[in-house]
Amino acid sequence: MSSLRRLPIERLLAAQGSPTGRDADAESAPYGADARFGPASLIARESSLAVSDFDLSADGRRMAVVLRHERVLVFDPQQSGNVVELTGHKYVQQVAVSPDGQWIATASPDSEEVRLWDAPTGRHVHSLPVKKLESGDIAFSPDGQWLIALSGDHFGLHRVGTWDEQRRFTHEANVSGCAAFSPDGTWLALTDSSHVRLIATDSFREVARLPVRRGRNLATASLSNHCALRFSRSGKLLAIGTMQGTVQVWDLPLVQQRLALLDLDWPSPTSRRTEAS
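Since we're looking at a predicted model, the values are computed, not measured.

A look at the overall build of the chain
The helix and strand tally for the chain stands at two helices and 21 strands. Counting only residues that meet the buried cut, the chain has 47% of its 277 residues in that class. For the chain, the accessible area works out to roughly 14800 Å², and carbon and sulfur atoms hold 49% of it.

A short note on the sheet that holds strand 19 (residues 229-231)
To summarise the sheet geometry, strands pair through backbone hydrogen bonds and adopt either a parallel or an antiparallel arrangement. The antiparallel open sheet is built from three strands, whose spatial order is 19-20-21. Strands with a single pairing partner mark the edges of an open sheet, and in this sheet they are strand 19 and strand 21 (247-251). Neighbour-to-neighbour, the strand axes of the sheet open up by a mean angle of 15°, direction not taken into account. Across three bridges, the pairing between strand 19 and strand 20 (residues 237-241) is antiparallel. Looking at the pairing, R230 lines up with A239 of strand 20.

Brief notes about the nonpolar core
Ranked by size, the top nonpolar core spans 19 residues in total, and within it V196, L198, L210, L229, F231, L238 and W250 carry the most contacts. Elements represented by at least two residues in this core include exactly strand 16 (187-191), strand 17 (195-200), strand 18 (205-211), strand 19, strand 20 and helix 1 (252-261). Excluding residues that lie within four positions of it along the chain, L198 makes contacts with W187, L188, R205, E206, V207, A208, F231, L252 and W266. Counting residues in hydrophobic clusters, the runner-up holds 14 residues, among them A96, W103, A105 and F140.

Observations concerning the packing of aromatic side chains
A complete count under the given rule lists three aromatic pairs for this structure. For the pair F169 and F204, a centre-to-centre distance of 6.4 Å together with 50° between the ring planes defines the contact as tilted. Of the two residues, F169 sits in strand 14 (residues 165-170) while F204 sits in the loop between strand 17 and strand 18, which places them 35 residues apart along the sequence. Comparing F169 with F204, the two get one shared label, buried. Here the aromatic residues W146, F169 and F204 are joined through ring pairs into a cluster of three or more.

Brief notes about a nonpolar patch on the surface
Judged by side-chain polarity, L237, V247 and V249 come together as a nonpolar surface patch covering roughly 260 Å² of accessible area. In this fold, V249 is placed in strand 21.

Some remarks on the environment of T201
By secondary structure assignment, the location of T201 is in the loop between strand 17 and strand 18. Put simply, T201 and S182 are 19 residues apart on the chain and 9.8 Å apart in space, counted from C-alpha to C-alpha. Here T201 is in contact with F181, G185, T186, W187 and L188, once residues within four sequence places are set aside. From its side chain, T201 meets the backbone oxygen of G185 in a polar contact 2.4 Å long.

A closer look at the pairing of strand 8 (residues 103-108)
With six of six residues buried, strand 8 is to be regarded as a mostly interior element. Residues W103, A105 and A107 of strand 8 are buried on one face, and the alternating residues I104, T106 and S108, pointing to the opposite face, are buried as well. Of the strand pairs in this sheet, strand 7 (residues 94-97) and strand 8 are connected by four bridges, and their pairing is antiparallel. From the neighbouring strand, V97 faces strand 8, where its bridge partner is I104. Where strand 7 hands over to strand 8, the hairpin turn is made up of five residues, of which G101 adopts a positive phi near 80°. From the end of strand 8 to the start of strand 9 (residues 113-118), which pair antiparallel, there are four residues, and E112 there has a positive phi angle of about 50°.

Considerations on the confidence of the model for the chain
Mean pLDDT over the chain: 77, with 71% of residues reaching 70 or higher. With pLDDT under 50 throughout, residues 1-33 is counted as low confidence; its partners more than four residues away or in other chains account for 66 contacts. Here residues 270-277 is a poorly scored stretch, pLDDT under 50, and it has five contacts once near neighbours within four places are set aside; other chains count.

Observations regarding the sheet that holds strand 7
With antiparallel pairing, four strands are arranged side by side in an open sheet as 7-8-9-10. Only two strands of the sheet have a single neighbouring strand rather than two, namely strand 7 and strand 10 (123-129). Sheet twist, expressed as the mean angle between neighbouring strand axes with direction ignored, is 20°. Relative to strand 10, strand 9 runs antiparallel, the two being bridged by six bridges. The residue of strand 10 that forms the bridge with W117 is H124.

Brief notes about unusual backbone geometry
Its identity as a non-glycine residue notwithstanding, W163 has a phi of 65°, on the positive side. Along the chain, the position of W163 falls in the loop between strand 13 (154-159) and strand 14. When its relative accessible area of 5% is taken as the criterion, W163 is described as buried. Backbone geometry at F204 places phi at a positive 55°, although glycine is not the residue there. Owing to a relative accessible area of 11%, F204 belongs among the buried residues under this scheme.

What counts as what
Residues numbered from 1 in each chain as written. Predicted model: local features only at pLDDT ≥ 70, side-chain atom pairs only at ≥ 80, totals over all residues. Heavy atoms only, no water. Helix = DSSP H or I, 4+ residues; strand = E, 2+ residues; numbered from the N terminus. Buried < 20%, exposed > 50% of the residue type's maximum accessible area, 1.4 Å probe, protein only. Areas by Shrake-Rupley, 256 points an atom, 1.4 Å probe, with all protein chains shown as cover. Pairing = 2+ DSSP bridges. Axes fitted to C-alpha atoms, helices over the stretch in contact; angles between N-to-C directions. Core = buried A, V, L, I, M, F, W, Y, C linked by side-chain atoms within 4.5 Å. Contact = heavy atoms within 4.5 Å. Phe/Tyr/Trp six-rings, centres within 6.5 Å; stacked < 30°, edge-to-face > 60°. Patch = residues over 30% accessible without salt bridge, like charges linked within 9 Å, V, L, I, M, F, W, Y side chains within 5 Å. Salt bridge = Lys/Arg side-chain N within 4 Å of Asp/Glu carboxyl O. Polar contact = N/O pair within 3.5 Å; in protein donor to acceptor, adjacent residues only side chain to side chain. pLDDT = per-residue confidence, 0-100.

Shown next, in the form of structure tokens:
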């Protein structure tokens, strides 16, 4: 039985009996709450294969791990055994798991393609040709309907399952780019060299362009070359990392409120749905 310690729950990454160290009621427990946790166990025993990237399905029952850009392992982190390995994609830099755990996307600058896989079987089902992927990003929408991927001079929005490109968002060629959906799927954020574009997903219309402070080039930061672009869990805050080691944060309701004073407000998701009905 694990010992009981008082820790900031937001910073707790090891949970009771979890082989991967998932959160222990991190959503609901208050800061400083008592949490019971235990030791982590190894995913792979090859000590030389560092974890390059990983992702989880929404329920945490499907995990994909990239080991030193060479191996991609898929498994249920709550059960031992039954590991599926995705083979044939060289130098995988990024991995994304669909919210329902059915699909996995892998990105590699060497092959200039995003590959789509059937997660339960590890079968390669489709490839999306892309360009200049060495500093791009891939992400599934929270409702599992969309996959977005950077491809040179545009972000492509693909319908999950058919993988057809439904929309394109222009992007500066030869510039790194980041993509992130808000947790409720209301917003999509895209970056170029000096701005973050905020896009409403009900219409995929750009509603705001948020400037990054002068001289603060955007970062494709972190250990796995992932873009440092994140929404808060509430979706109210949007943060971006910069190459100068700073993080710029926008309070989106406050931005909207100040724009409203200039008659430049964007419609809220609720009002857009009301107008459409």
